[in-house]
Amino acid sequence: GEDVEQSLFLSVREGDSSVINCTYTDSSSTYLYWYKQEPGAGLQLLTYIFSNMDMKQDQRLTVLLNKKDKHLSLRIADTQTGDSAIYFCALGKYIFGTGTRLKVLA
Amino acid sequence: DAGITQSPRHKVTETGTPVTLRCHQTENHRYMYWYRQDPGHGLRLIHYSYGVKDTDKGEVSDGYSVSRSKTEDFLLTLESATSSQTSVYFCAISGEANEQFFGPGTRLTVL
């Protein structure tokens with residue numbers, strides 16, 4: 001079956017850039033997604049990329065897709081304390097990674 | 001915010017009792033989903049629905065059943081709750097690019 005892997009934790013200083021990585025085995029998804037989950041809340045869609053694109057930029061967020069290596073990344077520029085949350089990558093409709101907990105240090 | 005609500009938001013029950021969780025949407029979306037979230041597992045799909053009375057199983061459907069008698073409501077039932085079903089349950093609907101919009105979740109504890 002499909003496998004989506006993420007590192008568990010990432011810690012960065014406020015103002016630095018954060019890069020959250022995701023690797024996957026199934027390459028048939030039309031779209032790939034990034035979601036954010038704050039404590040006690042449901043997942044919130046951040047952005048998504050069409051599978052025939054290499055990059056998508058949306059304000060402070062940059063998504064990079066390397067189809068050859070089956071690698072997806074989310075870069076958050078100028079990371080703020082409000083960005084502290086768990087970030088999930090997802091393939092297709094309902095294949096989710098295990099999540100990366102981002103901690104932003106003031 | 002997508003108009004998705006879940007009820008109850010918190011529930012504590014005992015092993016062997018039936019439990020029903022409700023998801024209600026005001027967006028008139030065709031597809032609805034139930035997930036459970038557990039540490040180390042991310043989100044796992046339990047069941048989904050592609051229309052009224054049309055449902056199918058997900059990755060972890062054992063011990064769960066669903067019903068959808070109206071477009072706006074999707075019910076998840078644990079016929080006989082077990083401690084392994086202690087989890088946070090999320091309902092979702094999907095948009096035009098299959099992106100998911102989630103409800104606020106139900107925290108279920110089975111003692």
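Summary of the structure given here. (Residues numbered from 1 in each chain as written. Chains lettered and ligands numbered in written order. Predicted model: local features only at pLDDT ≥ 70, side-chain atom pairs only at ≥ 80, totals over all residues. Heavy atoms only, no water.)

### A short note on the overall build of chain B
A tally of helices and strands in chain B yields zero helices and 11 strands. Counted from the first residue to the last, chain B has its helices and strands arranged as β-β-β-β-β-β-β-β-β-β-β. Taking 2.2 N^0.38 as the reference for a compact globule, 111 residues should give roughly 13 Å; the C-alpha atoms of chain B span a radius of gyration of 13 Å, in line with that estimate. The C-alpha extent of chain B, read off along each of the three principal axes, is 40 × 30 × 25 Å. Expressed as a percentage of the 111 residues in chain B, the buried residues total 49%. Once local pairs closer than 6 in sequence are excluded, the contacts in chain B between residues at least 24 apart make up 53%. Roughly 5300 Å² of accessible area belongs to chain B as shown, and the carbon and sulfur atoms make up 46% of that amount. Within chain B, the 13 negative side-chain charges are centred at a point lying 4 Å from the centre of the 11 positive side-chain charges. (Helix = DSSP H or I, 4+ residues; strand = E, 2+ residues; numbered from the N terminus. Rg over C-alpha atoms; globule rule 2.2 N^0.38 Å. Buried < 20%, exposed > 50% of the residue type's maximum accessible area, 1.4 Å probe, protein only. Contact = heavy atoms within 4.5 Å. Areas by Shrake-Rupley, 256 points an atom, 1.4 Å probe, with all protein chains shown as cover. Lys, Arg positive; Asp, Glu negative; His and termini not counted. Charge placed at Lys NZ, Arg CZ, Asp CG, Glu CD.)

### Concerning the overall build of chain A
Scanning chain A from terminus to terminus reveals zero helices and 11 strands. Along chain A, from the amino end to the carboxyl end, the secondary structure elements read β-β-β-β-β-β-β-β-β-β-β. Relative to the 2.2 N^0.38 estimate, which gives 13 Å for 106 residues, the radius of gyration of chain A is 13 Å and therefore close to what a compact globule would have. For chain A, buried positions account for 40% of its 106 residues. By sequence separation, contacts in chain A at least 24 residues apart represent 52% of the contacts at least 6 residues apart. With an accessible surface of roughly 5400 Å², chain A has 48% of that area assigned to carbon and sulfur atoms. Distance between charge centroids for chain A: 1 Å, based on 11 positive and 12 negative side chains.

### Some remarks on the environment of E79 of chain B
All names here are of chain B. Summarising the element assignment, E79 is placed in the loop between β8 (73-78) and β9 (87-94). With 69 residues separating them along the chain, E79 and H10 place their C-alpha atoms 18 Å apart. In this structure, E79 is in contact with T17, P18, G63 and S65, ignoring residues within four places of it in sequence. Separated by 2.9 Å, the side chains of E79 and S65 make a polar contact. (Polar contact = N/O pair within 3.5 Å; in protein donor to acceptor, adjacent residues only side chain to side chain.)

### Focus on the environment of V88 of chain B
Residues and elements named next belong to chain B. Secondary-structure assignment places V88 in strand β9. Separated by 19 residues in the primary sequence, V88 and R107 place their C-alpha atoms 4.4 Å from one another. Dropping the residues within four chain positions of it, V88 is found in contact with Y35, R36, Q37, T106 and R107.

### Quick notes on the interface of chain A and chain B
Chain A puts 17 residues into the contact, and the matching count from chain B is 19 residues. Roughly 1500 Å² is buried in total at the junction of chain A and chain B, and carbon and sulfur atoms are behind 61% of that figure. Summed over the three residues of chain A that lose the most area to chain B, namely K93, Y94 and F96 of chain A, the buried surface amounts to 39% of that side. Linking chain A with chain B are zero salt bridges, by the criterion used here. (Buried area = accessible area lost by both parts, 1.4 Å probe. Salt bridge = Lys/Arg side-chain N within 4 Å of Asp/Glu carboxyl O.)

### Some thoughts on the pairing of strand β6 (residues 55-58) of chain A
Bridge count between β6 of chain A and strand β7 (residues 61-66) of chain A: four bridges; the pairing is antiparallel. Of the residues in β7 of chain A, the one forming a bridge with M55 of chain A is L64 of chain A. (Pairing = 2+ DSSP bridges.)

### Observations regarding the pattern of salt bridges
Pairing between side chains becomes possible if they bear opposite charge and their charged atoms approach one another. Tallied over the entire structure, the rule returns eight salt bridges over all chains. Across the pair R60 of chain A and D83 of chain A runs a salt bridge, and its minimum N-O distance is 2.9 Å. Taken together, the residues span a long stretch of sequence, with R60 of chain A in the loop between β6 and β7 and D83 of chain A in the loop between β8 (71-76) and β9 (85-91) at a distance of 23 residues. Given a relative accessible area of 7%, D83 of chain A falls into the buried group. A salt bridge links D38 of chain B to R36 of chain B; the shortest N-O distance between them is 2.8 Å. Across the pair, R36 of chain B and D38 of chain B agree in class, each one buried.

### A look at the sheet that holds β8 of chain B
Residues and elements named next belong to chain B. The antiparallel open sheet is built from four strands, whose spatial order is β1-β3-β8-β7. Looking at which strands have only one partner, the edges of the open sheet turn out to be β1 (4-7) and β7 (64-70). Averaged over all adjacent pairs, the angle separating strand axes in this sheet is 20°, with direction ignored. Across four bridges, β1 lies against strand β3 (residues 19-25) in antiparallel orientation. Across the sheet, residue T5 finds its bridge partner in β3, namely H24. (Axes fitted to C-alpha atoms, helices over the stretch in contact; angles between N-to-C directions.)

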